[in-house]
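The primary structure of each chain is shown beneath.
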Amino acid sequence: MQFIDLKTQQQRIRKEIEDRIRDILDHGKYIMGPEIAELEEKLAAFVRVPHAIGCASGTDALLMALMAYDIGPGDAVFTTPFTFIATAEVIRLLGAVPVFADIDPATFNLDPAKLEAAIVAMKSGNPQLHPLPRGAEMLKPKGIIAVDLFGLPAEYDQINTVAKKHGLFVIEDAAQSFGAQYHGRKAGSLASIACTSFFPAKPLGSYGDGGAVFTENQDLAEKMISIRNHGAGPHKYDNERIGINGRLDSLQAAVLLAKLGIFPEEADLRQAVAGRYSEVLAGIPGLRLPSVPLGMKSIWAQYSVLARDEAHRAGLQKKLGEAKIPTAVYYPIPLHLQTAFADLGYRKGDFPITEDFASRIFSLPMHPYLKAEDQKRIAEAMVS
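Reference entry: report on the structure contained in this document. These figures come from a predicted structure and were not determined experimentally. (Residues numbered from 1 in each chain as written. Predicted model: local features only at pLDDT ≥ 70, side-chain atom pairs only at ≥ 80, totals over all residues. Heavy atoms only, no water.)

Quick notes on the packing of helix H3 (residues 58-68) against helix H7 (residues 218-228)
Line of reasoning, step 1. Between H3 and H7, the least distance of the axes is 9 Å, while the angle of their chain directions is 120 degrees. One way to sum up the angle between H3 and H7 is to call them oblique. For H3 against H7, the interelement crossing comes out right-handed. Contacts from Met-64, Ala-65, Met-67 and Ala-68 of H3 reach H7 at Leu-220, Lys-223, Met-224, Ile-227 and Arg-228. (Axes fitted to C-alpha atoms, helices over the stretch in contact; angles between N-to-C directions. Helix = DSSP H or I, 4+ residues; strand = E, 2+ residues; numbered from the N terminus. Parallel < 35°, antiparallel > 145°, perpendicular 65-115°, else oblique. Left-handed = near helix turned anticlockwise from the far one by under 90°. Contact = heavy atoms within 4.5 Å.)

Shown next, in the form of structure tokens:
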């Protein structure tokens, strides 16, 4: 059994991929070829925003977004400790400091109330109100990166309200949520800038690295287009600003264009797979299944469940492994406890919900082509 089945998907669109790659070999524009503009137009239409800008990876998308806001040393950006390192890594790359706030236990996403508590603690200089990083008194709050973990959008109405109240920008880390919905709006349109990833395992994945940023703001769009290409200005060798080499390869755009054609159908198939999981896993002792708040639709980048405790998780993973069923843990070590962020001075116990969930969570196979009989076998393996 495959954790993510890319082979079945490829069989459906292989001819279109090969035709598109052949076109690139013929025109020879391997970086920023005409496929990029075509992809950007279709991505923007899908998300329903004016501007979609392709880039080299989801990490570069986040970096470009922060650079568009001129984030640098002395700035603080609030985010979740329960995510992949890229979310906070880009903050540090620019010399700024990530300030973490705990998650909502119902969704695994940033808790708006704890987010505001962290902002108030920083503004008042009172770490008794909320755990703060070392040297917080020297930092200026600038923005928020909310993460749509496992494909479920964060609570953006509340997060955007908190941000507006405190004069902060919001970036949507939609690396896992392209195709999700939030009260009638698409993931990628829920903040001033949204960033997604086209890593192969994502719901819409390329055959290498790739990403995109989305925005309604013309000025931010123009700035990120410049940043993506070494800060280029109107003259090829007169750069307006410091940028990065964040361009998207034409070959990856070709793959994405082929996949985008079947993406709406795959999104529906993911919903069906998640629904079957809810049925076959119901009643397994000690297992908590994921839930989706009213008005939201997850794209189910991962189907992640909570065991009773760490030992229970180990036991369930062992049973599944013996049945040749793959599992994964996203994410076993919260960001505030990782070595790369040790200098921030956070301690174990600062974010108890994240720490508890990191010790109990694990993910089951999840992709549009997962068969009902395989899901039944997964459930049977856990209760054997």
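Continuing now.
Details of the sheet that holds strand S2 (residues 75-79)
Line of reasoning, step 1. Pairing is mixed in the open sheet, where seven strands are placed in the order S1-S9-S8-S5-S4-S2-S3. The open sheet is flanked by strand S1 (51-55) and strand S3 (97-100), the only strands paired with a single partner. Here the average twist between neighbouring strands, direction ignored, is 25 degrees.
Line of reasoning, step 2. Pairing of S1 with strand S9 (residues 211-215) involves five bridges; the strand directions are antiparallel. Looking at S9, one finds that Ile-53 is bridged to Val-213.
Line of reasoning, step 3. Packed onto the sheet, helix H6 (residues 156-166) meets strand S4 (140-147) and strand S5 (169-173) and runs at close to 150 degrees relative to S5. (Pairing = 2+ DSSP bridges.)

Description of the pairing of S9
The two faces of a sheet get side chains in turn, since along a regular strand they alternate between them.
Line of reasoning, step 1. Across the five residues of S9, five count as buried, placing the element largely inside the fold.
Line of reasoning, step 2. Burial along S9 is two-sided: Gly-211, Val-213 and Thr-215 and Ala-212 and Phe-214, pointing in opposite directions, are all buried.
Line of reasoning, step 3. Judged from the five bridges that link them, strand S8 (residues 193-197) and S9 form a sheet pairing that is antiparallel. The residue bridging Ala-194 from the neighbouring strand is Phe-214, located in S9. (Buried < 20%, exposed > 50% of the residue type's maximum accessible area, 1.4 Å probe, protein only.)

Some details on the pattern of salt bridges
Line of reasoning, step 1. Applying the stated rule across the entire model yields 18 salt bridges.
Line of reasoning, step 2. The shortest N-O distance in the salt bridge between Lys-15 and Asp-19 comes to 2.8 Å. Of this pair, Lys-15 and Asp-19 are both found in helix H1 (residues 6-27), four residues apart, which corresponds to roughly one turn of the helix.
Line of reasoning, step 3. Classification of Lys-15 by relative accessible area gives exposed; the value is 58%.
Line of reasoning, step 4. Look at Asp-19 and you get partly exposed, because its relative accessible area is 27%.
Line of reasoning, step 5. For Lys-223, the salt bridge identified is with Asp-70, shortest N-O distance 3.0 Å. Pair noted here: Lys-223 is in helix H7 and Asp-70 is in the loop between H3 and S2, with a separation of 153 residues, a long-range link.
Line of reasoning, step 6. Note on Lys-223: relative accessible area 17%, which makes it buried.
Line of reasoning, step 7. Each of Glu-16, Arg-20, Glu-38 and Lys-42 takes part in one network of salt bridges that share partners. (Salt bridge = Lys/Arg side-chain N within 4 Å of Asp/Glu carboxyl O.)

Notes on the packing of aromatic side chains
Line of reasoning, step 1. Scanning the entire structure with this criterion turns up 18 aromatic pairs.
Line of reasoning, step 2. Centre to centre, the rings of Phe-108 and Phe-150 are 5.6 Å apart; their planes meet at 80 degrees, and the pair counts as edge-to-face. Here Phe-108 is found in the loop between S3 and helix H5 (112-124), whereas its partner Phe-150 is found in the loop between S4 and H6, with 42 residues between them in sequence. Accessibility classification places Phe-108 together with Phe-150 in one group, the buried group.
Line of reasoning, step 3. Residues Tyr-330 and Tyr-331 carry aromatic rings whose centres are separated by 5.6 Å and whose planes lie at 70 degrees to one another, so their mutual orientation is edge-to-face.
Line of reasoning, step 4. Under the relative-accessibility criterion, Tyr-330 is labelled partly exposed at 23%.
Line of reasoning, step 5. Ring-pair connections join several aromatic residues into one group, and the members of that group are Phe-46, Phe-178, Phe-198, Phe-214 and Phe-263.
Line of reasoning, step 6. Over the ring of Phe-46 we find Lys-186; its NZ or CZ atom is 4.2 Å from the centre of that ring. (Phe/Tyr/Trp six-rings, centres within 6.5 Å; stacked < 30°, edge-to-face > 60°. Lys NZ or Arg CZ within 6 Å of the ring centre and 35° of its normal.)

Considering the layout of surface pockets
Line of reasoning, step 1. In this structure, the largest pocket encloses a volume near 500 Å³.
Line of reasoning, step 2. Lining the largest pocket are 25 residues; nearest its centre among them are Phe-84, Ala-175, Ser-197, Phe-199 and Lys-202.
Line of reasoning, step 3. Classifying every residue of the lining of the largest pocket gives 12 nonpolar, nine polar and four charged. (1 Å grid on protein atoms, 1.4 Å probe; cavity = no way out; pocket = protein on both sides within 12 Å on 5 of 7 lines; lining within 4 Å. Points joined across faces, edges and corners; volume = space filled by probe spheres on them. Nonpolar A, V, L, I, M, F, W, Y, C, P; charged D, E, K, R; others polar.)

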